[in-house]
Amino acid sequence: MKIHEYQSKELFKKYNVPIPEGGIAFTADEATAVAEKLGSFPVVVKAQIHAGGRGKGGGVKLANSAEEAKRLADEIIGMNLVTHQTGPEGRLVKKVLVEQGLNIEKELYLSIIPDRATAKVVIMASEAGGMDIEEVAAKTPEKIIRIHINPLLGIQGYHCREAGFGLNLSPPAMKLFQPMLRNLYNLFMNCDCSLLEINPLVITKEETVIALDAKINFDDNAMFRHKDILEYRDLDEEDPLEIEASKYNLNYINLDGNVGNMVNGAGLAMATMDIIKRSGAEPANFLDVGGGASAEMVENGFKIILSDENVKGILINIFGGILRCDVLAQGVVEAAKKTGINVPVVVRMEGTNVDEGQKILSESGLKLISAVDLKDAAQKVAEIVN
Ligand code: ADP
Ligand code: MG
């Protein structure tokens, strides 16, 4: 799960990580009120969307008066912000963070992520922070240092010193940085984060260290124990079909192609997407209905695929193990009857109760195309959409 910058900064505040003074605004008038309350200028007006690169995309602007803050907020709220992370379609901005403008001396990069290869938590830091960090990572990766922490032992003083020295901090900055890094690590662990990133972490001209930007992602599988963080979920920022799928516990991801596909098992779903591509077509989604799916789940999954306007053909690929073929067939038939299928559907089914499943499909009166194996299925559906 992703949250907004202003929400991440609320968590920072709870964990005593220094952030600029500021407040959220949904309208230009609210933005003016926040700017007036801050009292000193410049202030910065920042678009709040679940994507980075806002600065370069024109979503972060400096205002020298409350009137200017109002004008900028008016401009940014309602704009379709396009950044390298939103894709060309961009994202509608619904709110802005108005915060104190800082006297920046230097922009650093700091992040914490799990490292699966070493089963440790890794802190990444770089002196070359700011809006071009992607370029730094690509061209001069040696400018990014990595510090591995054994999660069972936790963060130690030497980790913090290593990070601080790696960032070339002055002694006063070093003193502020160490407890801050500890607090960030604790936040990361306590809240089951999958990513915590501050870019830039700034050293001000006054030699203070402040998190100017804040990005946190959480492990979806741990959210059941963080009801307070779940409150931060912003459905406006999520794909409507994915929201619908999450209501039914379906593992669904919307993609750009036009072959809808429904599969049981994540591995088989990945293989199905590969073979669709190999046959010259593009998958419209990833959907794993799960090994123990009920007819109702299959029905809901099928409805979600059908409601994607890009879908021009559907491939159902089921290997019946725990999910029996007759249960699947029942779900497909129910969904098709309720929603009305408007595109050709190719079915490849194998495994438990396959004969009963085939029978249900063939007696349903629906125009389904059956395939003998996975390759045949993928070729048939690719021919249809192409
Ligand atoms: P993004 O990463 O989405 O581009 P940031 O929050 O990192 O957004 O802001 C982009 C840039 O804008 C920063 O690198 C910084 O130079 C400037 N900036 C952002 N907030 C402030 C602030 N409060 N004071 C001064 N400059 C800021
Ligand atoms: Mg940033």
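Refer to the preceding data block for the structure.
Rules used in this analysis
Residues numbered from 1 in each chain as written. Chains lettered and ligands numbered in written order. Predicted model: local features only at pLDDT ≥ 70, side-chain atom pairs only at ≥ 80, totals over all residues. Heavy atoms only, no water. Near = heavy atom within 4 Å. Polar contact = N/O pair within 3.5 Å; in protein donor to acceptor, adjacent residues only side chain to side chain. Areas by Shrake-Rupley, 256 points an atom, 1.4 Å probe, with all protein chains shown as cover. Helix = DSSP H or I, 4+ residues; strand = E, 2+ residues; numbered from the N terminus. Nonpolar A, V, L, I, M, F, W, Y, C, P; charged D, E, K, R; others polar. Domains from an automatic or database assignment.

Novice: Before we move on, could you go through the site of ligand 1 and cite the residues and values that matter?
Specialist: Around ligand 1, the structure places 18 residues, and the nearest of them are Lys46, Arg54, Gly55, Gln100 and Glu107. In this structure, an oxygen atom belonging to ligand 1 sits 3.2 Å away from a main-chain N or O atom of Gly53. Contact with the protein chains covers 88% of the free accessible surface of ligand 1, which is 550 Å². Every element with two or more residues in the shell around ligand 1 is listed here: strand S2 (43–47), helix H3 (54–57), strand S6 (96–100), strand S7 (104–115) and strand S10 (193–204). Its residues placed into classes, the shell around ligand 1 shows 7 nonpolar, 6 polar and 5 charged. Of the domains in this structure, domain 1 (1–20 + 103–236) and domain 2 (21–101) are the two that each give at least three residues to the shell around ligand 1.

Novice: Any chance you could break down unusual backbone geometry for me, citing the residues and the numbers?
Specialist: Geometrically, the link from Phe41 to Pro42 is a cis peptide bond, its omega value of 5 degrees lying close to zero. With respect to the secondary-structure elements, Pro42 resides in the loop between helix H2 (28–38) and S2. With an omega of 10 degrees, the peptide bond running from Asn199 to Pro200 counts as cis. Mapped onto the elements of the fold, Pro200 is located in strand S10. If you check the backbone angles, Asn249 has positive phi at about 60 degrees while not being a glycine. By the element assignment, Asn249 lies in the loop between helix H9 (240–247) and strand S13 (251–254). Located in the positive-phi region is Asn353, a residue other than glycine, with phi close to 60 degrees. Tracing the backbone shows Asn353 in the loop between strand S17 (345–351) and helix H13 (354–362).

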